[in-house]
Amino acid sequence: MEVTLRVFRYNTETGRTKPSFDSWTLTDVDPTDRVLDLLEFVKGYHDGTLSFRRSCAHGVCGSDAMRINGRNYLACKVLVRDLNSTTITVEPIMGLKVMKDLIVDMEPFFESYRSVLPYMINDEVPADGKERLQSEAQRERFDDTTKCILCAACTTSCPSFWGDGKYVGPATIVNAHRFIFDSRDQAAGERLEILNEQGGVWRCRTAFNCTEACPREIHITQAIAEVKQAINTGKVD
Amino acid sequence: MTTLISSLRTTLAGYINYRGREGHYSFLLHRLTGLGTLLFLAIHIVDTATVYWIPELYDHAIAIYRLPIFLVGEIGLVFAVIYHGVNGLRIIYQDMVNPASWTIARQRRAARWTLILSVIIWLPAALIMLNTLLAHL
C-alpha cells in the first residue's frame, strides 16, 4: 500500500526554527509495518537529519512516544493498519519543550517523577533478617502500576498537564501508587502528602486520555482515584 | 507571562487537535458547560444587583433577556446546567465511590450514557421553552 507520511520538523541547527511539516510518499508499505519502521525508512533513505528517539523498538523502553494522527502512541507498537488512514501525521508529544523534530525535553517529566520518591523506603531489618515477605494479595494490590515504562504518553495526553506544567501528571502518580500500596514500603504518608499539594492528584480532571493512551494498558485513572481515596481516608489498603 | 501564553496555546491546541476518545470530549463539554453557566451566573448577579443601585437599568436588562436570541441562549443554558450536573455526578461516582469502574469500556459507556441521559432530561424543558419562544415571536 501507499502511505503519505507527514512529520513535524523543527531544528535550530539547520535553521528550521519555524515548526513545519515534511511529507514523504512511501510505496510498498505493509499494513503490518509499524510507524517506527516508516520513520526509520525515511531516516535511512530520504533524510538522515530526521530526529526521533528509539531504543529497544519493542514497546519496552518507552523511548518513542509520539502523537500519531493526533493521538499518543509508541511508534514501535502502532501498526499502519491500526490507524485506518493512508496519511500518517507524526508530531512530538505535547506539553514538553520540543528540542529537535520529534524529540522533546523530558527533564521536567523526570523531575516530577523523582518528586514522589519512586523507590522502596524501609529502614527496618526484616523479621528473619533476610527478606520482607508478601502475600499474593498484597503483591496483586499494586501489580498494575508496576508496568509503567515512563514513556510519558499518558502525561502528555493530559489536558491538566498541558495547562499547568506544575501538575505532576499521571505517570508520576502511577509510580507513586506503585510504592504507596506496597505493603513492604513505609513512606506512603510522605508520598500522599506530596500528592495532596497543589500540583498533585487534585489537578486530575478525569479526562481519561491517560488511560486511553497508555501502551501498557495500566488503569491510570483508577490508580489516581485510589490515591485520592487514600488521601481522603488516610488508609492505604 | 510568556510561559502563561505558551501553556494557554498548548492547552487550546490540545483541546482542539488531540484526538481523544469519549473522555476527552466529555471533559471538553463539561468545561464548556461549566464556563457557560459561570458566565451566565456572573452576568445575572450583576444585572440583579442593579435593582438596588440603578433600578431603570434592571428593567432594561430584563427587556434584553426577553429578546429571542437570549431565549434561545436560555434553552442552551438549561442543557449546560443539566449536563454539567449529570456528568459531575458520574465523575463523583466513578472517582470517589467506585474507582474500579475507570476501565476503558465502562468509562466510554458511562460517558455516552451521561450525554443521552442529559438530553432526555433536557428535552421536555427545551420543548416548553421553545413553545414560549415561538409564542413571543
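Scroll up a little and you will see the structure.
These remarks concern the structure in this document. (Residues numbered from 1 in each chain as written. Chains lettered and ligands numbered in written order. Predicted model: local features only at pLDDT ≥ 70, side-chain atom pairs only at ≥ 80, totals over all residues. Heavy atoms only, no water.)

## Digging into the overall build of chain A
The helix and strand inventory of chain A stands at eight helices and seven strands. Here the C-alpha coordinates of chain A stretch approximately 65 × 35 × 30 Å along the principal axes. By the burial criterion, 53% of the 237 residues in chain A qualify as buried. Restricting the contact set of chain A to residue pairs at least 6 apart, pairs at least 24 apart contribute 63%. Element-wise, carbon and sulfur atoms account for 46% of the exposed surface of chain A, whose accessible area totals about 11100 Å². For chain A, the centre of its 29 positive side-chain charges and the centre of its 34 negative side-chain charges are spaced 3 Å apart. (Helix = DSSP H or I, 4+ residues; strand = E, 2+ residues; numbered from the N terminus. Buried < 20%, exposed > 50% of the residue type's maximum accessible area, 1.4 Å probe, protein only. Contact = heavy atoms within 4.5 Å. Areas by Shrake-Rupley, 256 points an atom, 1.4 Å probe, with all protein chains shown as cover. Lys, Arg positive; Asp, Glu negative; His and termini not counted. Charge placed at Lys NZ, Arg CZ, Asp CG, Glu CD.)

## Thoughts on the pairing of strand β5 (residues 87–91) of chain A
All names here are of chain A. Where burial is concerned, most of β5 is hidden: four out of the five residues are buried. Sheet topology note: the strand β3 (residues 65–68)/β5 ladder contains two bridges and is antiparallel. Directly across from I68, in β5, lies its bridge partner V90. (Pairing = 2+ DSSP bridges.)

## Topic: the sheet that holds β5 of chain A
All names here are of chain A. Taken together, the five strands give an open sheet; going across it, the order is β2-β1-β5-β3-β4, and neighbouring strands pair in mixed fashion. Taken across any chain shown, the strands that pair with only one partner, and hence form the sheet edges, are β2 (16–26) and β4 (71–74). Sheet twist, expressed as the mean angle between neighbouring strand axes with direction ignored, is 30°. Contacts from helix α1 (residues 35–45) reach β1 (3–11), β2, β3 and β5 within the one sheet, and its direction differs from that of β1 by about 65°. (Axes fitted to C-alpha atoms, helices over the stretch in contact; angles between N-to-C directions.)

## Considerations on the packing of helix α2 (residues 22–53) of chain B against helix α5 (residues 104–136) of chain B
All names here are of chain B. Remark: α2 packs on α5, axes separated minimally by 9 Å, with the N-to-C direction vectors making an angle of 40°. The two elements α2 and α5 meet at a crossing, and its hand is left-handed. Of the residues in α5, those in contact with E22, G23, S26 and L29 of α2 are Q107, R108, A111, R112 and L115. Its residues placed into classes, the contact of α2 with α5 shows three nonpolar, three polar and three charged. (Left-handed = near helix turned anticlockwise from the far one by under 90°. Nonpolar A, V, L, I, M, F, W, Y, C, P; charged D, E, K, R; others polar.)

## Structural notes on α2 of chain B
Here α2 of chain B spans 46 Å end to end across 32 residues, near enough to the 46 Å set by a 1.5 Å rise per residue. What α2 of chain B keeps buried is the set E22, G23, H24, S26, F27, L28, H30, T33, G34, T37, D47 and T50 of chain B. Looking at the packing, one finds that the buried side of α2 of chain B touches α4 (159–163) and α7 (209–213) of chain A together with α1 (2–17), α3 (55–65), α4 (68–97) and α5 of chain B. (Expected span 1.5 Å × (residues − 1).)

## Brief notes about unusual backbone geometry
Residues and elements named next belong to chain A. Unlike most non-glycine residues, L117 shows phi in positive territory, near 55°. Note that L117 resides in the loop between α2 (107–114) and α3 (136–140). Assessed through its relative accessible area of 14%, L117 is described here as buried. Of note in the backbone geometry, E217 takes a positive phi value of approximately 55° without being a glycine. Structurally, E217 is set in the loop between α7 and α8 (220–233).

## Comments concerning the layout of surface pockets
Approximately 1200 Å³ is the volume found for the largest pocket. G95 and L96 of chain A together with S6, S7 and T10 of chain B are the residues nearest the centre of the largest pocket, which is lined by 33 residues in total. Looking at the lining of the largest pocket, the elements with two or more residues in it are β1 and α4 of chain A together with α1 of chain B. Here the element with the most residues in the lining of the largest pocket is α1 of chain B; it accounts for 12 residues. Of the residues in the lining of the largest pocket, the class split is 16 nonpolar, 10 polar and seven charged. Its volume calculated, the second largest pocket comes out at about 510 Å³. N72, Y73, E212, A213 and C214 of chain A are the residues nearest the centre of the second largest pocket, which is lined by 23 residues in total. (1 Å grid on protein atoms, 1.4 Å probe; cavity = no way out; pocket = protein on both sides within 12 Å on 5 of 7 lines; lining within 4 Å. Points joined across faces, edges and corners; volume = space filled by probe spheres on them.)

## Topic: the interface of chain A and chain B
The interface is formed by 27 residues belonging to chain A together with 26 residues belonging to chain B. The contact between chain A and chain B buries some 2400 Å² in all, and 58% of this surface belongs to carbon and sulfur atoms. Where chain A touches chain B, the interface holds two salt bridges. Two residues, E212 of chain A and R108 of chain B, come together in a salt bridge whose shortest N-O distance is 2.8 Å. Viewed at the interface, chain B and chain A are joined by 11 residue pairs in polar contact (both at pLDDT 80 or more). Examining the composition of the side of chain A that touches chain B, we find that seven residues originate from one element, α8 of chain A, more than from any other. Broken down by class, the residue content of the side of chain A that touches chain B amounts to seven nonpolar, 14 polar and six charged. (Buried area = accessible area lost by both parts, 1.4 Å probe. Salt bridge = Lys/Arg side-chain N within 4 Å of Asp/Glu carboxyl O. Polar contact = N/O pair within 3.5 Å; in protein donor to acceptor, adjacent residues only side chain to side chain.)

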